[in-house]
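For reference, the chains in residue letters:
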Amino acid sequence: MNGQQLAIEASGARRLVVSGQVQGVGYRPFVHRMANALRLRGWVRNGAGQVIIHIEGPLERISRFEAALIREAPPLARPHLQSSSDAIIEGAAEFRILASEAGAGTDVHLPPDRFCCDDCIAELQNQSQRRFRYAFTNCTQCGPRYTLIESLPYDRPNTSMSGFNLCARCRAEYENPLDRRFHAQPLGCPDCGPQLAFHRDGQRPCSGEAALAAAIACLRAGGIVAVKGVGGYHLMCDPANDAAVVRLRVRKHRPHKPLAIMFPQTGADGLDAVRTWVCLDDAESAACADAARPIVLARRRAGAGGSPALAPGLAELGVLLPYSPLHHLLLAQFGGPLVATSGNISGEPVITDNAEAEKRLRPVADAFLHHDRPIVRPADDSVWRVIGGRARPMRIGRGVAPLQLELRAQLPQPTLAVGGHMKAAIALGWGRRAVISPHIGELDSPRSLRVFRQMIGDLQSLYRVRAERIVCDAHPRYESVRWALAQELPVMRVQHHAAHASALAAEHPDVGRWLVFAWDGIGLGSDGDLWGGEALAGSPGAWRRLASMRPFRVTGAERVAREPWRSAAALMWETERAWVPAVADAALAAQAWRKRIHTARTSSVGRLFDAAASLVMGIDIASFEGQGPMMLESIAAATGESVALPLSRDGQGIWRTDWAPLLPLLIDRKLPASVRAGIFHESLARALVGQAMTLARTCRFDAVGLTGGVFQNRLLAERAMALLAARGLRALLPETVPANDAGLAFGQLIEALHGWRAAPSRQHESAP
């Protein structure tokens, strides 16, 4: 085709701006291929969170091109055509990819860390390929992103791969628009990319294939290996080796909390090996195979292999598929599943740095399988559980977070929400966008606080948004609250359960009027009590507390969550029963309780579950939060029987359910523990429905919400949903944001959106 023909054919030009998740997902190569297929000319480049396109050619072909940008986008892309406008014809001779422009826009969408795609797995297993058994193979449809981005736009010099210079063959792939590795920023090969390194005391360090072989030998010998992955380290061992699993628990000071198991990807859907250990329904299978590759809780199969110490006292295991090439290699060479628990000090964020791992995990791990690709920020594995037929997040992390959500209305100012204290996560909101950070952990260690502060800086830096106000919890002793109050910005304090309710409401914008049951451990109430069994009516920014549980006094402050006997004792003493458990400090606690010394009044359903676990199963001390309730759920028999719990109004007009009739059942040792546990669950589910039906007589609502950590209990949540549905009431649970405290920051943003009031530069004491 000669120049005159080109000029005749170039009948128009358009400038297209595509926003959304379009960086780091192979979108520019896709645009290049589409333009060439339609014989169009021009250019494409990355902007600040956008892809900018100049396209020239016949208008009919330009229209087809524009439609294909959305309809035929790569699987990991989530594009939105932000603008389309006429442009001046530049007379381009071909279609090119230009260097990115930094810009100053705020329409940034961080690409997530994704699992190793089928093409790369096939290459990993093909001896004729130069990346055969290379632990860091990737392309534009897979591999790390969020954990290696240092700044935007997402180009190699702005990532932790900047120190790895591409060899000639990788450079050719990187620059070839027809190659699936065209502009794959984490690209490398055995000659120029990251490398493995194995370290063990008393043994010569080794790298590459020798490092992988040494790690496998250590695992087969019953050792514990700290393995550096995508978002941090895993502690790995043989799940069938009881001695290894027990040794891991002893060294990590984690006696009971369940350990996740990573399985080889086998069979048509990749889940054959998983199914030999657990029973998967369709929703659980889909969750396991999801692109996020989360840990999924599933019921353990009778007679399945594995150490009893993997999840003592629990009926479920946390299972996941491999998501990095290194995982595939480890599992294939080991020949079976591996424990893959977070490489951290319990409660802290996962460790990411090689030197820090050797220092802090040395008392736990026998050996270390490092690599030299820096991890810019931690991202622990996400955890999902299927409840009510749908996979729901319990923790969001690698592959999911930063989680980006759209707000129903526009925030007047960029706002930072700092969440709670346990299961900490933060959220940044601006315009009509909200971004929730990955899981951080418990904010009671110096490292957790460092990562908390790093995450606050990272989100604002990466998204190019500077918060102009802060929203936090109402509890004055939360570290997140202390941090918020120390900043020179206006601060709004949001009641804990209002935040839970608003997070749920924001996920279901079709509901106008709510009745939300917010049941959890504790949250400071507006009356100074520790709430945790609340029924709130209304909508974000306008919640009214209408019902709760009979309050009781507990001793021990923060120790209550880890010492279920204190909740059991409180119920017994509150009903004038003489009961002193066989634990240290029980007698002193009884004296303190009688004298009202260091006691707090609570309406917490989470503490009721703790009490039941203590009275039914003798779980007086918990090694992790929620241990007693989780074990109680695991043994519960579905008898359909219940104990009627009275409901009456108190002096302030709050409807209160009285738990006292449950006590004779809970301490009746003539009944099997499984029966008592089942009746306890059924009784609380029916008590909830009783509150809902009573409130429906005077309060109009369109749906019933169930949120707070207690509703991660599948038995309770599903029974409550079924009983509500039988009475014609629509019941909804969180679907995208965790029901537990990991969702608080998002709920705080929603409350700020609806409830912020004009105030001086510091508004520390406002609490809606």
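Think of each chain on its own: its residues are numbered from 1, step by step along the sequence as written. Owing to the predicted nature of the model, reporting of local features is limited to residues with pLDDT of at least 70; listing and counting of side-chain atom pairs is limited to 80 or more, with chain, interface and lining totals taken over all residues. Neither water nor hydrogens contribute to the side-chain values; these are computed over all heavy atoms in the structure.

Visitor: Could you give an account of the packing of helix α17 (residues 605-617) against helix α20 (residues 673-696), with specific residues and numbers?
Guide: Put simply, α17 and α20 touch, their axes get as near as 10 Å, and they point 165° apart. Overall, the two elements α17 and α20 adopt an arrangement that is roughly antiparallel. The crossing of α17 and α20 is right-handed. Contact with α17, carried on its side by Val605, Leu608, Phe609, Ala612, Leu615 and Val616, involves Ala673, Arg676, Phe680, His681 and Leu684 of α20 and no other residues of that element. An axis is simply a line fitted to the C-alpha atoms; with a helix, the fit covers only the stretch in contact. Between two such axes, the angle follows the N-to-C directions and lies from 0 to 180 degrees. A helix here means a DSSP run of H or I that spans at least four residues, while a strand means a run of E at least two residues long, and both kinds are numbered starting from the N terminus. For classification purposes, an angle smaller than 35 degrees is called roughly parallel, one larger than 145 roughly antiparallel, one from 65 to 115 roughly perpendicular, and anything else oblique. By definition, turning the near helix anticlockwise from the far helix through less than a right angle yields a left-handed crossing, and turning it clockwise yields a right-handed one. Two residues qualify as a contact provided that any one of their heavy atoms is within 4.5 Å of a heavy atom in the partner residue.

Visitor: Tell me about the sheet that holds strand β1 (residues 13-21), residues and numbers included.
Guide: For two strands to count as paired, DSSP must find a minimum of two bridges between them. The five strands are arranged β4-β1-β3-β2-β5 in an open sheet whose pairing can be described as mixed. Two strands bound the open sheet, and with one partner strand each, they are β4 (78-86) and β5 (95-97). Each neighbouring strand pair of the sheet contributes to a mean axis angle of 15°, computed without reference to strand direction. Bridge count for β1 against β4 is eight bridges, and the pairing is antiparallel. Counterpart to Gly20 in the pairing with β4 is Pro79. Strand contacts of helix α2 (residues 27-37): β1, β2 (41-46), β3 (51-56), β4 and β5, with the helix running at about 170° to β5, the strand carrying the most contacts. Along the sheet, helix α3 (residues 59-71) makes contact with β1, β3 and β4, crossing β1 at roughly 5°.

Visitor: Help me get a handle on the environment of Ala685, residues and values and all.
Guide: Among the structural elements, Ala685 can be located in helix α20. Along the primary structure Ala685 and Ala720 are separated by 35 residues, whereas in three dimensions their C-alpha atoms are 4.8 Å apart. Apart from residues no more than four positions distant in its own chain, Ala685 is found in contact with Leu716, Arg719, Ala720 and Leu723.

Visitor: I'd like to hear about unusual backbone geometry, residue by residue, with values.
Guide: Residue Pro402 is bonded to the preceding Ala401 through a cis peptide linkage, with omega at 0°. In this structure, Pro402 sits in the loop between β17 (390-395) and β18 (403-406). Phi at Lys423 takes a positive value of approximately 50°, unusual for a residue other than glycine. Structurally, Lys423 can be placed in the loop between β19 (415-417) and β20 (427-430).

Visitor: Now, about the sheet that holds strand β21 (residues 433-436): what can you tell me, with residues and values included?
Guide: Remark on secondary structure: sheet strands pair via backbone hydrogen bonds, oriented parallel or antiparallel. A sheet is described by the order of its strands in space; here six strands give the open sequence β18-β21-β20-β19-β22-β23, paired in mixed fashion. At either margin of the open sheet sits one strand with a lone partner, and together these are β18 and β23 (491-494). Averaged over all adjacent pairs, the angle separating strand axes in this sheet is 20°, with direction ignored. When β20 meets β21, the two strands line up antiparallel, connected through four bridges. Residue pairing for β21: Ala427 is matched across the bridge by Ile436. Helix-sheet contacts for helix α22 (residues 744-755) involve β18, β19, β20, β21, β22 (469-473) and β23, and the interaxial angle to β22 is about 120°.

Visitor: Could you give an account of the packing of α20 against helix α21 (residues 714-726), naming the residues involved and the relevant values?
Guide: The N-to-C vectors of α20 and α21 enclose an angle of 40°; their axes lie 9 Å apart at closest approach. Of the possible angle classes, the one that applies to α20 and α21 is oblique. In the packing of α20 onto α21, the handedness of the crossing is right-handed. Along its contact with α20, which presents His681, Glu682, Leu684, Ala685, Arg686, Leu688, Val689 and Ala692, the element α21 presents Leu715, Leu716, Arg719, Ala720, Leu723 and Leu724. By residue class, the composition of the contact of α20 with α21 is ten nonpolar, one polar and three charged. Each residue gets one of three labels, nonpolar for Ala, Val, Leu, Ile, Met, Phe, Trp, Tyr, Cys and Pro, charged for Asp, Glu, Lys and Arg, and polar for the others, Gly among them.

Visitor: Please provide a residue-by-residue account of the side chain of Arg385, values included.
Guide: You can see Arg385 is positioned in strand β16 (residues 383-387). Any residue under 20% of the maximum accessible area for its type is buried, any over 50% is exposed, and the rest in between are partly exposed; the area is computed with a 1.4 Å probe on protein chains only. The class for Arg385 is buried, based on a relative accessible area of 8%. A polar atom in the side chain of Arg385 sits 3.0 Å from the side chain of Glu633. At 2.7 Å, the side chain of Arg385 and the backbone oxygen of Gln712 are in polar contact. When sequence neighbours within four positions are dropped, the list of residues in contact with Arg385 reads Leu297, Glu316, Arg390, Ala391, Arg392, Met394, Glu633, Gln712, Asn713 and Arg714. Two N or O atoms count as a polar contact when they lie within 3.5 Å, although within protein this holds only if one can serve as hydrogen donor and the other as acceptor, and sequence-adjacent residues are included solely when both atoms are side-chain atoms.

Visitor: Explain the pairing of β23 to me, and be specific about the residues and the numbers.
Guide: Because side chains alternate across β23, one face comprises the buried residues Val491 and Arg493, and the other comprises Met492 and Val494, equally buried. Judged from the four bridges that link them, β22 and β23 form a sheet pairing that is parallel. Note on β23: the bridge partner recorded for Cys472 is Arg493. Here, the term right-handed applies to a crossover whose path from the first strand over the helix to the second runs clockwise when the strands point away from the viewer. Crossover connection from β22 via helix α13 (residues 479-485) to parallel β23: handedness right-handed.

Visitor: Explain the nonpolar core to me, and be specific about the residues and the numbers.
Guide: The definition of a nonpolar core used throughout is a set of buried Ala, Val, Leu, Ile, Met, Phe, Trp, Tyr and Cys residues joined through side-chain atoms within 4.5 Å. Judged by nonpolar contacts, the single largest core of 76 residues is most densely connected at Trp514 and Phe746. Looking at this core element by element, the count peaks at seven residues for α22. Apart from residues no more than four positions distant in its own chain, Phe746 is found in contact with Leu405, Leu407, Ala427, Ala434, Ile436, Ala503, Ala506 and Val737. Among the nonpolar cores identified, the runner-up in size contains 66 residues, and Leu663, Phe680, Phe711 and Leu723 belong to it.

Visitor: A description of the side chain of His508 should follow, citing residues and the corresponding values.
Guide: Along the polypeptide, His508 turns up in the loop between α14 (496-507) and β24 (514-524). Those residues in contact with His508 that sit more than four places away from it in its chain are Trp514, Leu732, Leu733 and Glu735.

Visitor: Outline helix α12 (residues 446-462), supporting the account with residue identities and numerical values.
Guide: Helix span, expected: 1.5 Å multiplied by one less than the number of residues in the helix. Between its first and last C-alpha, α12 extends 24 Å over 17 residues, near the 24 Å set by a 1.5 Å rise per residue. Regarding α12, the residues found buried are Arg447, Ser448, Leu449, Val451, Phe452, Met455, Ile456, Asp458, Leu459, Gln460 and Leu462. A positive phi of about 55° marks Arg464, the residue just after α12.

Visitor: Tell me about α14, residues and numbers included.
Guide: Relative to the 16 Å expected for twelve residues at 1.5 Å per residue, α14 spans 18 Å between its end C-alpha atoms, a close match to the ideal helical length. For α14, the set of buried residues is His496, His497, Ala498, Ala499, His500, Ala501, Ser502, Ala503, Leu504, Ala505 and Glu507. Sitting at the head of α14, Gln495 places a side-chain oxygen 2.8 Å from the backbone nitrogen of His497.

Visitor: Residue-level account of the pattern of salt bridges, with values.
Guide: Note on definitions: salt bridges are taken to be side-chain nitrogens of Lys or Arg within 4 Å of carboxyl oxygens of Asp or Glu. One pass over the full model with this rule turns up 46 salt bridges. Residue Glu66 pairs with Arg14 through a salt bridge whose shortest N-O separation is 3.6 Å. Residue Glu66 is located in helix α3, and its partner Arg14 is located in strand β1; the two are separated by 52 residues in the primary sequence. Overlapping salt bridges, with partners in common, bring together Glu284, Glu316, Arg385, Glu633 and Arg714 in one network.

Visitor: With reference to specific residues and values, describe the confidence of the model for the chain.
Guide: A score between 0 and 100, pLDDT records how confident the predictor is in each residue. A residue-level look at the chain finds 96% of positions with pLDDT of 70 or above and a mean pLDDT of 92. For residues 1-8, every residue scores under 50 in pLDDT, and the model assigns this stretch three contacts once sequence neighbours within four places are set aside. Note on residues 757-768: pLDDT is under 50 here. Beyond four places in sequence and across chains, it has 28 contacts.

Visitor: Could you give an account of the packing of aromatic side chains, with specific residues and numbers?
Guide: Two descriptors summarise a pair of aromatic rings, namely the distance from one centre to the other and the angle between the planes of the rings. Between rings of Phe, Tyr and Trp, where Trp is taken as its six-membered ring, a pair exists when centres lie within 6.5 Å; planes separated by under 30 degrees are stacked, by over 60 edge-to-face, and by other angles tilted. Applying the stated criterion across every chain, the model contains ten aromatic pairs. An angle of 50° between the planes, with centres 5.4 Å apart, marks the rings of Tyr27 and Phe30 as tilted. Note that Tyr27 and Phe30 are positioned in helix α2 at a spacing of three residues, about one turn of the helix. Considered together, Tyr27 and Phe30 belong to a single accessibility category, that of buried residues. Ring centres of Phe452 and Trp483 lie 5.8 Å apart, and the angle between their planes is 85°; this geometry places the pair in the edge-to-face category. Of this pair, Phe452 sits in helix α12 while Trp483 sits in helix α13; the two residues are 31 residues apart in sequence, bridging distant segments of the chain. Aromatic ring contacts, followed pair by pair, group Phe517, Trp519 and Phe711 into a single cluster. Lying across the ring of Tyr146, Arg377 places its NZ or CZ 4.9 Å from the centre. Placement of a charge over a ring requires the Lys NZ or Arg CZ to be within 6 Å of the ring centre, with the centre-to-atom vector within 35 degrees of the ring normal. The side chain of Arg550 reaches across the aromatic face of Trp659, ending 4.6 Å from its centre.

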